[in-house]
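Okay, here's what each chain looks like letter by letter:
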Amino acid sequence: MSVVAVLTAAGSGSRLGHALPKALVPLRGEALVVHAARRLLDASGAHGPLLDEIVVTAPAEHLDAFVVALAATPTEDPGTPSPGPRVRVVAGGATRQASVAAGLAALGAHLDAGTTVLVHDAARPFAPAALVARVVAAVAAGHEAVVPGLPVTDTVKRVGPADAGGAEPVRATVERADLRAVQTPQGFTLGLLRRAHDEAARHAHDESLAATDDAGLVERLGHAVWVVAGDERAAKITTARDLRVAELLGDA
């Protein structure tokens, strides 16, 4: 079974207080994107490494910096008997949806529609290899769209419009037993994910309409999406506080 990945890394680092693109922000001496790529590459199955290829989507003006940052990750060498996974960098888009679409296009048309494709965010640098393998296994078991998720532990309220003072009226308390906080990597059959992106392409470059979650695009097709157990180590880094917490905890 062939497994490939699109690693989205085209976001800015403004909310982290950095001039660098978010995925190049250092964490424990290495860029976020390097941590994320390494954990994808570390995932293994019964016959060795799971991934055949990773396409990293980066800001167009920083492609060279990403190539340099990722230079230590395995790349395909046609001269070796057992070439390792290829890691390529391509320009992303204006939104996450557009970046994933660019990554899918870069994978090329030669891959079979049944190929497993993972979509992962560089902002989740410590997603463990075991989580990656769990998602891949679920796709291989026949679930064409799989997301990892964690039970929601906070009480969740549905609210209405705020009043003049900013207070929001509670409309309902949502039953949390049925809720999951979704993470990445998300796994799909390549044919299904390409179809989902093709159907939603007209919204890809509009930040207010573009999807922030690939499973949501699949849901719009009316296709089933399945949840497997997530992992707290796959936490997303969005703010400077998140980065400080990751510095302290790492992937412990």
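Reading the values: the criteria
- The numbering scheme is per chain: residues are counted from 1 as the chain's sequence reads.
- Restriction of local features to residues with pLDDT of at least 70 applies here, the model being predicted, together with a cutoff of 80 or more for giving and counting side-chain atom pairs; totals for whole chains, interfaces and linings are based on all residues.
- The side-chain numbers reported here are obtained from all heavy atoms of the structure, hydrogens and water having been left aside.
- Put simply, a salt bridge is a Lys or Arg side-chain nitrogen that is within 4 Å of an Asp or Glu carboxyl oxygen.
- To qualify as a helix, a DSSP run of H or I must reach at least 4 residues; to qualify as a strand, a run of E must reach at least 2; elements of each kind are numbered from the N terminus.
- Only protein chains enter the accessibility calculation, which uses a 1.4 Å probe; a residue is then buried when its area is under 20% of its type maximum, exposed when over 50%, and partly exposed in between.
- Strands are labelled as partners when DSSP assigns at least two bridges between them.
- Surface patches are drawn from residues lacking salt bridges whose relative accessible area is over 30%; two like charges belong together within 9 Å, two nonpolar side chains (Val, Leu, Ile, Met, Phe, Trp, Tyr) within 5 Å.
- For the accessible areas, the method is Shrake-Rupley and the probe is 1.4 Å, while residue cover comes only from the protein chains on display.
- Two residues form a contact once any of their heavy atoms are found within 4.5 Å.

Counting across every chain of the model gives six salt bridges. The shortest N-O distance in the salt bridge between E53 and R86 comes to 3.1 Å. With E53 in strand 6 (residues 53–58) and R86 in strand 7 (residues 86–91), this pair connects stretches of sequence that are 33 residues apart. The partly exposed category is assigned to R86, whose relative accessible area is 26%. The residue D231 makes a salt bridge to R233 at a minimum N-O spacing of 2.8 Å. When its relative accessible area of 14% is taken as the criterion, D231 is described as buried.

Burial analysis of strand 8 (residues 116–121) places six of its six residues in the buried class, the great majority of the element. Residues of strand 8 alternate between two faces, with T116, L118 and H120 on one and V117, V119 and D121 on the opposite face, all of them buried. In this sheet, strand 8 lies alongside strand 1 (residues 3–8) in parallel orientation, the contact comprising six bridges. Bridging from a neighbouring strand, A5 pairs with L118 of strand 8. Of the pairings in the sheet, the one linking strand 8 to strand 13 (residues 186–189) comprises four bridges and is antiparallel in character. Bridge assignment links T116 to a residue of strand 13, and that residue is T189.

Once that is clear, we can look at a nonpolar patch on the surface. Together, V245, L248 and L249 give the surface a local cluster of nonpolar side chains, amounting to about 300 Å² of exposed area. Under the relative-accessibility criterion, V245 is labelled partly exposed at 32%.

Of note, T73 is situated in the loop between helix 2 (63–69) and strand 7. Residue classification places T73 among the buried positions, given a relative accessible area of 9%. Separated by 102 residues in the primary sequence, T73 and E175 have C-alpha atoms spaced 44 Å apart. Here T73 is in contact with A37, L41 and V87, once residues within four sequence places are set aside.

On to helix 1 (residues 32–42), then. Counted residue by residue, helix 1 has nine buried out of eleven residues, so it is predominantly covered. Here helix 1 has its buried residues at L32, V33, V34, H35, A36, A37, R39, L40 and L41.

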